[in-house]
Amino acid sequence: MLTRRHLGAAAAAALAAFAALPALADYPERPITLIVPWGAGGGTDATGRMIASLLEKELGQPVNVVNRTGGSGVVGHSAIATAEPDGYTIGTVTVEIGMMHWAGLTDLTWEAYTPIALYNYDAAGVQVRADSEWNTVSDMLEGIKANPGAHKASGTGQGGIWHLSIAGMLNTAGIAPDAAPWVPSQGAAPGLQELVAGGVDIVTCSVVEAAALIEAGKVKSLAVMDDERLGAFPDVPTLKEAAGVDWKMSAWRGIAAPAGIPDDAREKLTAAMETVYNSAEFQDFMKGRGFGLVWAPGDEFGKWMADSNVALGEVMAAVGLAK
């Protein structure tokens, strides 16, 4: 006959054995998908793949990168927002999430996401072919003003951040925002290839996205739309230095999940991202390629997206890109 003492001992033994087992729901228990809303070869793809490789080490599970392009970023951003909110689908969200709905391309806003972490902020640059007749951004602006409609530009989808960059620059310079017709592309990489091929005359994107073609002697950067020159590209003047045009525009990138993921998944992803961000491997990768570094975890990133949403809506309305 079992006594209370025997039952207590048995229960204690059972609890000890259970405690020695791994947790039954220790997130993550299976591979994670990281969606990149822009094409392979661009800055979002490059940084997303680096983050995925480093997150694998932190989370102990494969992190598989999937490029979902199309619709000026709408397809990939929608795929992130509408995925099962279980923490197993995350993605690289970009500044365009604060622009696409103003342009009438989607109803999606930043509120459709669980913000994990902001990690990057890059100013727009103005790129032309190496053999272009324009050697300064002033030359380029004069050429556009003299022949409106004759010089095409590209770098992202219609109404995207790099489109807004050139429209705002032209508007600030007293030139019609559509004087350089925009040719939509699925990101900076295909836009730059079109530039090299002669299909367009100008690409606005971050200088780092054009770095490989600049080093190869196929492209030259005329200006950067920021307050200061970039540390990695000290020979590229600011737009204000080069042409007296006081216009700034930058892109940002962060990691997010669908709205409503479990708290433990959100907390673990943000903690893992902080370790990745602070790692020597990530810092060296970003600095070595000229990517701007900025850190904002969780709710701070959410506030960043909210503020960006309002500011971009105002600018887009001013240059006629808001619907």
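Residues numbered from 1 in each chain as written. Predicted model: local features only at pLDDT ≥ 70, side-chain atom pairs only at ≥ 80, totals over all residues. Heavy atoms only, no water.

Within strand β8 (residues 250-258), nine of the nine residues are buried, which leaves it mostly tucked inside the rest of the structure. The pairing of strand β3 (residues 89-94) with β8 spans four bridges and is classified as antiparallel. Residue pairing across strands places Gly-91 opposite Ala-256, the latter belonging to β8. Note that strand β4 (residues 113-129) and β8 share nine bridges and pair antiparallel. Across the sheet, Tyr-121 pairs through a bridge with Trp-252, a residue of β8. (Buried < 20%, exposed > 50% of the residue type's maximum accessible area, 1.4 Å probe, protein only. Helix = DSSP H or I, 4+ residues; strand = E, 2+ residues; numbered from the N terminus. Pairing = 2+ DSSP bridges.)

Turning next to the packing of helix α9 (residues 263-278) against helix α10 (residues 280-289). Axis separation between α9 and α10 bottoms out at 4 Å; the angle between their running directions is 60°. Relative to α10, the element α9 is oriented oblique. Contacts between α9 and α10 involve Val-276, Tyr-277 and Asn-278 from the former and Ala-280, Phe-282 and Gln-283 from the latter. Looking at the contact of α9 with α10 residue by residue, the class counts come to four nonpolar, two polar and no charged. (Axes fitted to C-alpha atoms, helices over the stretch in contact; angles between N-to-C directions. Parallel < 35°, antiparallel > 145°, perpendicular 65-115°, else oblique. Contact = heavy atoms within 4.5 Å. Nonpolar A, V, L, I, M, F, W, Y, C, P; charged D, E, K, R; others polar.)

With that out of the way, let us pick up the confidence of the model for the protein. With 92% of its residues at a pLDDT of at least 70, the protein reaches an overall mean of 91. Of the regions scoring below 50 in pLDDT, residues 1-7 engages in two contacts with residues more than four places distant in sequence or in other chains. Per-residue pLDDT stays below 50 along residues 10-24; that stretch engages in one contact with residues further than four places along the chain or on separate chains. (pLDDT = per-residue confidence, 0-100.)

Mapped onto the secondary structure, Asn-309 falls in helix α11 (residues 298-318). Here Asn-309 falls in the buried class, since its relative accessible area comes to 11%. Of the polar contacts made by the side chain of Asn-309, one reaches the side chain of His-101; its length is 2.5 Å. When sequence neighbours within four positions are dropped, the list of residues in contact with Asn-309 reads Gly-98, His-101, Trp-102 and Trp-110. (Polar contact = N/O pair within 3.5 Å; in protein donor to acceptor, adjacent residues only side chain to side chain.)

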